[in-house]
Amino acid sequence: MSSEDLDKTVLVGPDATPDGSDADPDATVLAEPPAAADPDATVLADAPAEVADPDATQLADAAATRLNLAPGTHKLESLPTIVLPEIDPADPDDVIASDGIDALDDPYFSPAVPEDLTEAHAPVQIESPVQSLPERKKRMPKWAVALLVLVLLGAAGGAAWYTYQQEYWGGRTVPQVVGLSEEDARTALEAAGFTVEASYQLADDGFGNVIACSLTAGERVDPSAGATITVAAQRMVPQVVGQDKDAARQALLDAGAQNVVFAYVNSDAPDGTVVAVDPAEGSPFVSADTITLSVAEPYVVPEVMGLTADAAKAAVEKAGLTAKVTYVESDQPHNTVVAVSPEAGTQTSEGAEVELSVSSPYPSDPFHLLQYFDCTSREAATFLGQESYALAFGGTHSNGDVNASYTSPAGDVLTFTDKPEAPAAGSGADDVLANGATIGGVRLAFSAASVPAGGMAETEAGVRAVMEACGFSTLKELATQDDLIAPEPADGKHFICGYGEDGDWSWAVVIGGTDEASQVIALACPKNRFNGGVNLSSFGGYASDYIAYTSLF
């Protein structure tokens with residue numbers, strides 16, 4: 001395109017040709033551009049006087065084929081007028097494709113067509129597309145998007161894990177409280193947000209400590225549900241006095257007692273009701289303890305026949321009655337109850353008197369030596385006093401047993417000693433028998449006036465006569481001076497000795513002495529005295545030989 005072509009600008013219509021032929025006679029001729037304009041630039045009407053781009057793409061009339069024309073006309077709807085420079089057909093750079101492809105493919109070209117190509121319009125300035133289009137933003141790669149998503153998910157998971165661990169949500173962890181005291185358990189649970197209720201269970205130990213919890217330790221639960229702890233409580237004897245014995249027993253079993261026993265006592269309370277409990281009401285106990293219920297029964301004379309006087313008195317008094325003891329002569333065992341009045345089973349009133357007939361606790365006579373072991377030392381002292389025996393000497397052996405001698409008005413000498421086979425010896429004047437010292441053995445030296453008939457004969461018959469007078473029965477050995485086995489011979493002595501055993505007791509009868517003096521001696525002691533208590537080896541193992549030798553020599 002020549003410089004001359006720049007002196008004019010025509011408005012190209014839809015049928016315009018590159019050389020300007022067949023131009024619309026009504027086309028408007030624009031004013032000349034500024035003198036300094038680029039010869040190749042597109043100049044717009046009334047545009048600012050500046051240099052046009054010489055390399056700008058020119059839009060041929062073929063562009064009209066791509067425009068939206070109004071039906072039945074060569075007019076464009078609402079489009080601005082496009083001002084184009086003249087085109088030199090000889091210049092390849094100025095040729096515009098007839099189909100307008102180059103112009104349409106140019107992103108910087110925006111056609112402006114007047115509404116009526118027959119009419120002239122003022123030129124319109126079009127803003128450069130380079131300036132009007134926003135700058136494209138760079139898109140993030142897909143891998144970066146995925147990574148970002150993973151990071152966000154991880155951060156969300158971490159936050160969820162941390163808040164869960166801090167128990168901001170998802171419930172609270174139940175603490176371990178079994179074994180703690182009730183106070184400590186409450187503190188631990190309430191610190192975790194739980195409300196606490198307590199129940200109590202009877203136990204034998206661990207009182208005040210938690211033995212169970214309604215929640216499992218270590219689990220996460222909603223604290224609004226609360227927690228119940230079970231606390232060990234000590235067993236106490238419930239109130240049972242005044243109840244029927246069966247109801248009282250059941251109450252104790254319900255409290256955990258395993259050993260409940262009844263003790264029947266006479267009482268004014270209704271028959272069969274509990275009048276006392278041991279341990280007492282309100283006392284602590286464990287299940288293995290024995291609980292005794294005292295049950296009321298009417299005042300009834302108890303069964304005491306055959307009991308000793310002391311045992312019978314105790315039973316009567318326990319029944320709430322009064323005992324009166326009367327000693328009687330009887331063939332029943334010494335010092336035992338032989339009759340009761342009123343008889344056993346009789347209902348009576350509180351404190352009523354019950355008479356107990358007891359076989360005499362005293363020997364039948366002073367010569368029945370075995371009967372001294374059936375009475376107490378005091379009873380023996382009382383009996384001797386009644387028989388007018390006087391204390392000759394009184395003391396004790398080293399073991400505390402009685403060593404005392406009493407003399408009867410007839411001259412009989414009764415000695416209480418652990419060594420009855422030896423003649424009486426001792427000193428002192430203490431009535432140790434009356435003071436309760438133990439009787440270890442007894443020896444009787446008969447006076448001439450007291451010897452039973454035939455008792456002076458040194459024969460088996462004489463021995464048996466003395467045996468009968470003393471209450472002895474079972475004769476086991478007889479020894480005389482002719483068959484004596486002893487450390488020394490029995491020169492100038494003559495005797496007969498009988499030895500026997502009755503129950504737990506040993507006894508002996510010795511008759512003899514010298515021609516000038518002869519005596520009758522009877523003795524009794526526990527059986528073990530001559531069955532291992534003394535050494536009989538020097539006497540051939542015979543107790544009769546040992547007793548005769550020791551008594552006479």
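Residues numbered from 1 in each chain as written. Predicted model: local features only at pLDDT ≥ 70, side-chain atom pairs only at ≥ 80, totals over all residues. Heavy atoms only, no water.

**Thoughts on helix H6 (residues 309-318)**
Among all positions in H6, only Ala309, Ala312 and Val316 are buried. On an axial view of H6, the arc spanned by its buried residues comes to 65°, and they lie on one face. Exposed side chains of H6 directed beyond 90 degrees from the buried face belong to Asp310 and Lys318. Next to the buried residues of H6 lie strand S10 (322-328), strand S11 (337-341) and strand S12 (353-359). Positioned one or two residues after H6, Gly320 has a phi angle of 85°, which is positive. (Buried < 20%, exposed > 50% of the residue type's maximum accessible area, 1.4 Å probe, protein only. Helix = DSSP H or I, 4+ residues; strand = E, 2+ residues; numbered from the N terminus. Arc of directions from axis to C-beta. Contact = heavy atoms within 4.5 Å.)

**Some remarks on a nonpolar patch on the surface**
A surface patch of nonpolar side chains, amounting to about 680 Å² of accessible area, comprises Met140, Val145, Leu148, Val149, Leu150, Leu152 and Leu153. Looking at Val145, the relative accessible area reads 40%, which means it is partly exposed. (Patch = residues over 30% accessible without salt bridge, like charges linked within 9 Å, V, L, I, M, F, W, Y side chains within 5 Å. Areas by Shrake-Rupley, 256 points an atom, 1.4 Å probe, with all protein chains shown as cover. Salt bridge = Lys/Arg side-chain N within 4 Å of Asp/Glu carboxyl O.)

**Overview of the side chain of Ser267**
When you line up the elements, Ser267 lands in the loop between strand S6 (259-266) and strand S7 (274-278). Looking at Ser267, the relative accessible area reads 16%, which means it is buried. Other than its neighbours up to four places away in sequence, Ser267 contacts Val275, Ala296, Glu297, Pro298 and Tyr299.

**A look at the pattern of salt bridges**
Any two side chains of opposite charge can pair, so long as their charged atoms come close to each other. This model, assessed by the stated rule, comprises five salt bridges. Between Arg235 and Asp204 there is a salt bridge, with the nearest N and O atoms lying 2.7 Å from each other. Residue Arg235 is located in strand S5 (residues 227-236), and its partner Asp204 is located in the loop between strand S2 (196-203) and strand S3 (210-213); the two are separated by 31 residues in the primary sequence. Given the relative accessible area of 13%, Arg235 is considered buried. Asp204 gets classed as partly exposed once you look at its relative accessible area, which sits at 30%.

**A look at helix H8 (residues 460-470)**
Within H8, the full set of buried residues consists of Gly462, Val463, Ala465, Val466, Met467, Ala469 and Cys470. Remark: Gly471 follows H8 within two positions and exhibits a positive phi of approximately 80°.

**Quick look at the packing of aromatic side chains**
Under the defined criterion, the tally for this structure stands at 13 aromatic pairs. Between Tyr362 and Phe383 the ring centres are 6.2 Å apart and the planes differ by 15°, which places this aromatic pair in the stacked class. Within this pair, whereas Tyr362 is found in the loop between S12 and helix H7 (377-386), its partner Phe383 is found in helix H7, the two being separated by 21 residues in sequence. This pair shows no difference in class: Tyr362 is buried, exactly as Phe383 is. Taken together, a centroid distance of 4.8 Å and an interplanar angle of 10° make the contact between Phe472 and Trp507 stacked. Of this pair, Phe472 sits in the loop between H8 and strand S17 (475-480) while Trp507 is found in strand S19 (residues 505-513), placing the two residues 35 residues apart along the sequence. Classification of Phe472 as buried rests on a relative accessible area of 6%. Owing to a relative accessible area of 0%, Trp507 belongs among the buried residues under this scheme. Through a chain of ring-to-ring contacts, the aromatic side chains of Tyr327, Tyr362, Tyr372, Phe383, Tyr406 and Phe416 assemble into a single cluster. (Phe/Tyr/Trp six-rings, centres within 6.5 Å; stacked < 30°, edge-to-face > 60°.)

**With respect to the environment of Gly171**
Relative to the helices and strands, Gly171 resides in the loop between helix H3 (142-165) and strand S1 (172-173). The exposure class assigned to Gly171 is buried, which follows from its relative accessible area of 18%. Through-space distance from the C-alpha of Gly171 to that of Arg220 is 5.4 Å; in sequence the pair is 49 residues apart. For Gly171, the residues in contact, after removing those within four places along its chain, are Arg220, Val221, Asp222 and Pro223.

**Here's the deal with the confidence of the model for the protein chain**
In this model, the protein chain carries an average pLDDT of 80, and 74% of its residues clear a pLDDT of 70 or more. When mean pLDDT is compared element by element in the protein chain, strand S16 (residues 442-445) scores highest at 97, while helix H1 (residues 101-105) scores lowest at 48. With pLDDT under 50 throughout, residues 41-52 is counted as low confidence; its partners more than four residues away or in other chains account for 33 contacts. Long-range and interchain partners of residues 95-104, a stretch whose pLDDT sits below 50, account for 25 contacts in this model, where long-range means more than four residues apart. (pLDDT = per-residue confidence, 0-100.)

**Some thoughts on the environment of Val274**
Tracing the chain through its elements places Val274 in strand S7. Note on Val274: relative accessible area 2%, which makes it buried.

**A few points about the pairing of S16**
Bridge count between strand S15 (residues 413-416) and S16: four bridges; the pairing is antiparallel. Considered in S16, the bridge of Thr415 is made with Arg443. With four bridges connecting them, S16 and strand S20 (residues 518-526) associate as antiparallel partners. Considered in S20, the bridge of Val442 is made with Ala524. (Pairing = 2+ DSSP bridges.)

**Details of the sheet that holds strand S9 (residues 290-297)**
Judged by pairing direction, the sheet is mixed, and its three strands sit side by side in the order S6-S9-S7 without closing on themselves. Of all strands in the sheet, those bounded by a partner on one side alone are S6 and S7. Recorded for the sheet is a direction-independent mean angle of 25° between the axes of neighbouring strands. By the bridge criterion, eight bridges tie S6 to S9 in an arrangement that is parallel. If you follow Asn259 over to S9, its bridge partner there is Thr290. (Axes fitted to C-alpha atoms, helices over the stretch in contact; angles between N-to-C directions.)

**Comments concerning the sheet that holds S10**
Ordered by their spatial adjacency, three strands build an open sheet running S10-S12-S11, and the pairing between neighbours is mixed. Either end of the sheet is taken by a strand with one partner, and the two such strands are S10 and S11. Strand-to-strand twist across the sheet, computed as the mean angle between neighbouring axes with direction ignored, equals 25°. Bridge count between S10 and S12: seven bridges; the pairing is parallel. Residue Ala323 lies in a different strand from S12, and its bridge partner there is Val354. Contacting S10, S11 and S12, H6 runs over the sheet at an angle of about 170° to S12.

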